[in-house]
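Structural description and commentary
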Amino acid sequence: MPIGLAKRPDGIYIDMSLSPLTLAAAINEVFHSHSYFVGLNYPVLVKALYGVGPDLGKPGMTRLANELRVMSDERIALYKQPKMGRGYAEYYFETLYLDEMTLPDGTVIPERPTRLDVDEFVAEMWNKGILFGIEVAAVAAAIASTKADRITVATELEPEPGQDAAVVEVSSDLHRSDAPKAKADGRIDLGSFQNRFPQIKANVRLLKKLPAVPGHPGFDLAGRMTPAEQPKDLTLRFFAGDGTEAKELEDGEYLVSTREGFLNVDAKSNRISITDKIVSMDGVSGRTTGNLELAGAYEEFGDVQEQRDVTGGDITVHGNVYGNIHSRGGTVVLDKNLVSGSIANAAGSITVTGVASNSVIHTGKGAVHIGRAENCVISGTIVTLGEASNCEIIAEEIRIEVAEGCAVAARNVEIDSAGPRRRTEMVVYVLVKDVSQFDKEIADLELRVAGFVQANQGYQLEVDRIAAIPDVRRYLALAAKLRTQELQLNAEQGQHLRKIAGAVATELQAIAKLRTDLQASQTQLKLLQDKLARVIEQKVEAAGIARCGLRMVSGETTVRTMPFQADVAALTQLPAKDIKQRLRGTPSGGELLFCDGAGSLDWHLNPRLRPVAG
């Protein structure tokens, strides 16, 4: 027996642990010697030589056939050449006869019918170049049939393609939920989706790489291997954007989030990022997103449709907004227009590059910048507009290039061109802090100061009157010279001076008392004057700065002061309807600063002056 084959009492065995080349040489030796395997297990033979077929377990000695026989020349002659096709072989099966034969003893065996044998067929087809792919069952059926027929007896094995490397999702957090959102009270909010923009925690496995699986080679009828096409590989790190990275873990390679944030998939590069900002390309509508309530920043490239609410922080919309934007802080930026909608930012700026029309814009603390506004109610800390018509605006500071038919109120108003629009008047209110409580105190102090001034003048006049009496005047003059040592008196002159002093003693006592009272009154006057100055400075500080600058008035325009009690920020927090009523209603109090159809105005508040009611 050739190497690799062994004969045992129960049959012929083949050593599956040997290489296919060694086993192919052994089989080749058997078949080329015109021997064949009786009861051949053809699948085991194919498995041993080509590795194709069922799993036979641990490699070792495996039963291949019952026995090994030699074919006679008479039997060999029965097997014809098969017809070879492209990837297959055909054989014509017909009734066969053995030739007449004379035995050595002279006995003549006449021509007789015979049949092919499957095991012989395998051996002879090997010798005719078919080393692989014989359809044993089809051959056996054709041999058993009495009908002549041409059938396919062998087919080559096509290579089995491998599986390209791929990525699969391993986190349920990657999937959106467009189911209606359930409220805390159990009701369903049909205007909002359950989870339109998934939020990802840190260190979450997002994707797993499935390695490429190589294909299986094919074999042609001659037993030559046809290699399978190499599967395509991929690099997982190419999918990693900001906030993600590819990691090799114990059970494979994964794309893992490195921080908490929102999932963002770039449609062009397929990169997955975890960012602080949500980026949407589909717009906000009942079909795409529903109402949005977001924990982080949001960037939208589509439109926000009517009656849709977007709540978040740091909101940017590149399309038009017809709905409502609510921001907890940061910036709100609209690249296009705001139409019949609203923007509210609790703490941060608002920018509308295009047109704001029939809308409400409010920031609790921040600046508002709008290219053009029509029929809007706007409130904020600083409001800057290119053009404004039929708007109500209230802020601490307002700057407008062209204003028509607006009612504006601020502590600092600067308008390049102001005028009415059709039948809507142009009204400007300069917000002036109500400091009337200081005016009352100032008036009382001024009255008291005037009283002390008058009293001091009375004291001084009385002193001057008494000092003008001749004897008193002479005594005071002599006493002054003695104090300055301009005059020296002898004993007789001293006696004479004492007599004069005794004669005007009453008048001298009166002058001394008047001067004491005057000094006390002057001290009180100084204290009151100092207090008056402090109260005036307190009033100036409390009133702050208020100004109005109109470079050009082109039509009837009215400018008035509007006293207010609380901080300006409290006025900007008023609802839109209250702002309209306050600015468009009948003015109460305040001072008329300007009312004309042409000219200009540059007015600055002087809180040291008393207000004049207009």
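This write-up is about the structure you can find in this document.

What counts and what doesn't
Residues numbered from 1 in each chain as written. Predicted model: local features only at pLDDT ≥ 70, side-chain atom pairs only at ≥ 80, totals over all residues. Heavy atoms only, no water. Helix = DSSP H or I, 4+ residues; strand = E, 2+ residues; numbered from the N terminus. Buried < 20%, exposed > 50% of the residue type's maximum accessible area, 1.4 Å probe, protein only. Contact = heavy atoms within 4.5 Å. Areas by Shrake-Rupley, 256 points an atom, 1.4 Å probe, with all protein chains shown as cover. Pairing = 2+ DSSP bridges. Axes fitted to C-alpha atoms, helices over the stretch in contact; angles between N-to-C directions. Polar contact = N/O pair within 3.5 Å; in protein donor to acceptor, adjacent residues only side chain to side chain. Disulfide = S-S within 2.5 Å. Salt bridge = Lys/Arg side-chain N within 4 Å of Asp/Glu carboxyl O. Core = buried A, V, L, I, M, F, W, Y, C linked by side-chain atoms within 4.5 Å.

**Looking at the overall build of the chain**
Helices and strands together make up the secondary structure of the chain, namely 11 helices and 42 strands. Burial statistics for the chain: of 614 residues in total, 41% are counted as buried. Counting contacts in the chain only where the partners sit at least 6 residues apart, residues at least 24 apart contribute 50% of the total. Carbon and sulfur atoms form 51% of the exposed surface of the chain, whose accessible area is close to 33,100 Å².

**Looking at the sheet that holds strand β6 (residues 83–84)**
Sheet architecture is open: 3 strands sit in the order β6-β7-β12, paired in antiparallel fashion. The two strands at the open ends of the sheet, each matched to only one other strand, are β6 and β12 (149–155). Here β6 runs beside strand β7 (residues 88–93); their pairing, made up of 2 bridges, is antiparallel. Residue K83 lies in a different strand from β7, and its bridge partner there is E90. Against the sheet, helix α5 (residues 136–144) makes contact with β7 and β12, and its axis sits at roughly 160° relative to β12, the strand it touches most.

**Examining helix α4 (residues 118–127)**
Given 3.6 residues per helical turn, the α-helix brings residues three or four places apart onto the same face. Among the 10 residues that make up α4, 8 are buried, leaving the element largely enclosed by the rest of the structure. All buried positions along α4 are accounted for by D119, E120, F121, V122, A123, E124, M125 and W126. Among the residues of α4, the N-terminal cap falls to D117, whose side-chain oxygen and the backbone nitrogen of D119 are separated by 3.0 Å. Positive backbone phi, at 100°, marks G129, one or two positions downstream of α4.

**A closer look at the sheet that holds strand β4 (residues 61–65)**
Judged by pairing direction, the sheet is antiparallel, and its 3 strands sit side by side in the order β1-β2-β4 without closing on themselves. Where the open sheet ends on each side, the last strands, each with one partner, are β1 (5–8) and β4. Each strand of the sheet is rotated relative to its neighbour by a mean of 40°, with strand direction disregarded. With 4 bridges connecting them, β1 and strand β2 (residues 11–15) associate as antiparallel partners. Among the inter-strand pairings, A6 is bridged to a residue of β2, identified as Y13.

**Notes on the state of the cysteines**
Counted by the stated rule, this structure contains 0 disulfides. C376 takes part in no disulfide bond, and the closest cysteine sulfur to it belongs to C391, at a distance of 4.8 Å. Under the relative-accessibility criterion, C376 is labelled buried at 0%. Counting only cysteine sulfurs, C406 is the nearest neighbor of C391, a cysteine outside any disulfide, at a range of 4.8 Å. With a relative accessible area of 0%, C391 lands in the buried category.

**A word on the pattern of salt bridges**
One pass over the structure, following the stated rule, counts 19 salt bridges. Note that R224 and D220 form a salt bridge whose closest N and O atoms lie 3.0 Å from each other. Residue R224 is classed as exposed on the basis of its relative accessible area, which comes to 55%. Taken together, the shared-partner salt bridges connect R205, E250 and D251 into one network.

**Examining the nonpolar core**
By size, the foremost hydrophobic cluster in this structure holds 53 residues, and its most contacted members are I378, I393 and I415. No other element matches the 5 residues that strand β37 (residues 392–404) contributes to this core. Residues in contact with I415, not counting those within four places in the same chain, are I400, A403, V408, M426, V428, G549, L550 and R551. Among the nonpolar cores identified, the runner-up in size contains 48 residues, and I14, L23, I27 and L40 belong to it.

Treat this as a map of the structure, not an account of what it does.
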